Amino acid sequence: MKAIRGATTILKDSGDEIKAGVKELLEKIKTVNNLSDENIICIMFSNTSDIRSYYPAKAAREAGFFNCALFSSLEPEIDGALKLCIRVMVLAEIDNEPKQVYLNGAENLRKDISKRLNIAIDGPAGSGKSTVSKIIAAKLNLLYLDTGAMYRACALACIRSNVDCSNEEKVKNILKDVEIDVKYDAVRNVGGAQITYLNGEDVSDKIRTPEISMQASIVSAHEFVRVKMVEIQRRIAANNSCVLDGRDIGTNVLPDADFKFYLNASDKVRAERRTAENRAKGINQPFDEVLDEIKRRDKQDKTRKIAPLIKAENAIEVDTGSMNADEVASYILMLIQKGI
Ligand code: DC
């Protein structure tokens, strides 16, 4: 007798989601292990405590697994644990080595056996990229890489050295010795937060000003800067399953990303969002000024020579104008779950 392990995540706590998740997981386990119903002795589930609507064991029975013993149990609530997760252990009479099956967000639980997943989310300022990316990363238990923060840290380094961000030579001189790094604190990253370091200093909050937004757009146009940042981004994406948000992820950083989305909204909507965000941080910049800056930044980002902001041909465009961040994230998650 062998034990076959597996897990999956579902999108929400509903009977239909639980039934579909259990069916998908068990059928995959059956297929990859070449199991017949007679081989299966028992199936044991454990699920996270945010799943309450239906017993996975009942869902298994309804999915046709009724020749074996079925059992469900509840896991303790653990901070930072994967959400909406169903784990399973199937005991079966097989001769081959058992093949484990980890699906959806649970893929990330077993980085050793699962394929890396990279999701590219591009779009202009205020399109909702970062909020939506954080939700998706948290739901799928993936890393969230905010690539804009890295260009922002470059801009901060130049400003601190009194270097004009449009002066390529001077920027290069400053940035060649500067160390930009991102790290993930297990607790802070539950909500998707990335900690951005400039020469070892945590600058995550200092880079969130209107001045840095504008200067980051200017500094990011230089080839030297982009080569240096893209190298770091590709290294992180090669070693981790992650959601990356930026301007050139789908076109340049990861042209082979598994999923590509391009978020957009009207200038007015984006400026309204940015004005409200600023206000929440105590920055009282008038709407007209924010709108003007957004338009200037779009123009700079879209017309620069290297890796300009443009929708990748195979990216799915999502107009976020009439949806809130949760709605956009649910829509994108639904497309990801379906494999698009
Ligand atoms: O996403 P953000 O507002 O934090 O980005 C700040 C600037 O950085 C943006 O105006 C252009 C630049 N950027 C870029 O050129 N490429 C990226 N992948 C991300 C940001």
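Up top you'll find the structure we're talking about.
Residues numbered from 1 in each chain as written. Predicted model: local features only at pLDDT ≥ 70, side-chain atom pairs only at ≥ 80, totals over all residues. Heavy atoms only, no water.

## Brief notes about helix α9 (residues 267-280)
Here's step 1: With 14 residues, α9 ought to run about 20 Å at 1.5 Å a step, and its terminal C-alpha atoms sit 20 Å apart, in line with that.
Here's step 2: Among the residues of α9, Arg270, Ala271, Arg274, Thr275 and Asn278 are the ones counted as buried. Take α9 and look down its axis: the buried residues cluster within an arc of 135°, on one side only. In α9, the exposed residues that point more than 90 degrees away from the buried face are Lys268, Arg279 and Ala280.
Here's step 3: Buried-residue contacts for α9 involve α4 (147-160), α6 (210-219), β12 (259-264) and α10 (287-303). (Helix = DSSP H or I, 4+ residues; strand = E, 2+ residues; numbered from the N terminus. Expected span 1.5 Å × (residues − 1). Buried < 20%, exposed > 50% of the residue type's maximum accessible area, 1.4 Å probe, protein only. Arc of directions from axis to C-beta. Contact = heavy atoms within 4.5 Å.)

## Points about the sheet that holds strand β3 (residues 69-74)
Here's step 1: Taken in spatial order, the 5 strands make up an open sheet running β3-β2-β4-β1-β5, and their pairing is mixed. What marks the edges here is a single partner per strand, and that holds for β3 and β5 (101-102).
Here's step 2: Sheet topology places strand β1 (residues 2-9) next to strand β4 (residues 85-92); 8 bridges connect them, and they run antiparallel. Across the sheet, the residue bridging to Ile4 is Val90, located in β4.
Here's step 3: The sheet strands contacting helix α1 (residues 15-32) are β1, β2 (40-47), β4 and β5, and the helix crosses β4 at an angle near 35°. (Pairing = 2+ DSSP bridges. Axes fitted to C-alpha atoms, helices over the stretch in contact; angles between N-to-C directions.)

## Things to note about the pattern of salt bridges
Here's step 1: Overall, the coordinates contain 17 salt bridges when judged by the stated rule.
Here's step 2: For Glu27, the salt bridge goes to Lys23, with nearest N and O atoms at 3.8 Å. You can see Glu27 and its partner Lys23 sitting in helix α1, 4 residues apart, about one turn around the helix.
Here's step 3: Lys30 is the salt-bridge partner of Asp37, the closest N and O atoms lying 2.8 Å from each other. (Salt bridge = Lys/Arg side-chain N within 4 Å of Asp/Glu carboxyl O.)

## Some thoughts on the sheet that holds strand β9 (residues 195-198)
Here's step 1: Taking strand neighbours across the sheet as the criterion, the 3 strands line up as β8-β9-β10 in an open arrangement whose pairing is antiparallel. Only two strands of the sheet have a single partner each, and these edge strands are β8 (180-183) and β10 (201-202).
Here's step 2: Alignment of β8 against β9, held across 4 bridges, turns out to be antiparallel. Bridge assignment links Ile180 to a residue of β9, and that residue is Leu198.
Here's step 3: Relative to the sheet, α4 contacts β8, β9 and β10, its axis offset from that of β9 by approximately 30°.

## Concerning the packing of α4 against helix α5 (residues 168-175)
Each pair of packed helices can be described by the angle between their axes along with the distance between the axes.
Here's step 1: Two elements in contact, α4 and α5, have axes separated by 10 Å at closest approach and are oriented at 100°. The angle between α4 and α5 falls in the class roughly perpendicular. Taking contact as the criterion, the partners of Cys154, Ala157 and Cys158 in α4 are, on α5, Val171, Ile174 and Leu175.
Here's step 2: In the contact of α4 with α5, the residues fall into 6 nonpolar, no polar and no charged. (Parallel < 35°, antiparallel > 145°, perpendicular 65-115°, else oblique. Nonpolar A, V, L, I, M, F, W, Y, C, P; charged D, E, K, R; others polar.)

## A few points about the site of the ligand
Here's step 1: Surveying the vicinity of the ligand reveals 15 residues, the closest of which are Arg152, Arg226, Arg297, Asp301 and Arg304.
Here's step 2: Take Arg152: an N or O atom from its side chain is 2.7 Å from an oxygen atom of the ligand.
Here's step 3: For the ligand, an oxygen atom lies 3.3 Å from a polar atom in the side chain of Ser220.
Here's step 4: Contact with the protein chains removes 97% of the 450 Å² of surface that the ligand exposes when unbound.
Here's step 5: Those elements giving two or more residues to the shell around the ligand turn out to be α4, α6 and α10.
Here's step 6: In terms of residue count, α4 provides more of the shell around the ligand than any other element does, 4 residues in total. (Near = heavy atom within 4 Å. Polar contact = N/O pair within 3.5 Å; in protein donor to acceptor, adjacent residues only side chain to side chain. Areas by Shrake-Rupley, 256 points an atom, 1.4 Å probe, with all protein chains shown as cover.)

## A short note on the side chain of Glu293
Here's step 1: By the secondary structure assignment, Glu293 is in helix α10.
Here's step 2: Of the buried charged residues, Glu293 lacks a salt bridge, with Arg296 as the closest side chain of opposite charge at 4.6 Å.
Here's step 3: A polar contact is formed between the side chain of Glu293 and the side chain of Gln285, at a distance of 3.0 Å.
Here's step 4: Filtering out sequence-adjacent residues up to four positions away, Glu293 remains in contact with Pro210, Met214 and Gln285. (Lys, Arg positive; Asp, Glu negative; His and termini not counted.)

## Re the nonpolar core
Here's step 1: Within the largest apolar cluster, 37 residues are counted, with the highest numbers of intra-cluster contacts made by Leu175, Ile180, Val219, Val225 and Met229.
Here's step 2: Those elements that place two or more of their residues in this core are β7 (143-146), α4, α5, β8, α6, α7 (223-239), β11 (242-246) and α8 (249-253).
Here's step 3: It is α4 that contributes the most residues to this core, 9 residues altogether.
Here's step 4: Once residues within four sequence positions are removed from consideration, Val219 is found in contact with Tyr151, Cys154, Ala155, Cys158, Cys165, Val171 and Val225. (Core = buried A, V, L, I, M, F, W, Y, C linked by side-chain atoms within 4.5 Å.)

## Describing the packing of α4 against α7
Here's step 1: At a minimum axis distance of 11 Å, the contact between α4 and α7 shows a crossing angle of 140°. Our classification of the angle between α4 and α7 gives oblique. Judged by the twist between their axes, the crossing of α4 over α7 is right-handed. Between α4 and α7, the contacting residues are Thr147, Met150, Tyr151 and Cys154 on the first element and Val225, Arg226, Met229, Val230, Ile232 and Gln233 on the second.
Here's step 2: Its residues assigned to classes, the contact of α4 with α7 shows 7 nonpolar, 2 polar and 1 charged. (Left-handed = near helix turned anticlockwise from the far one by under 90°.)

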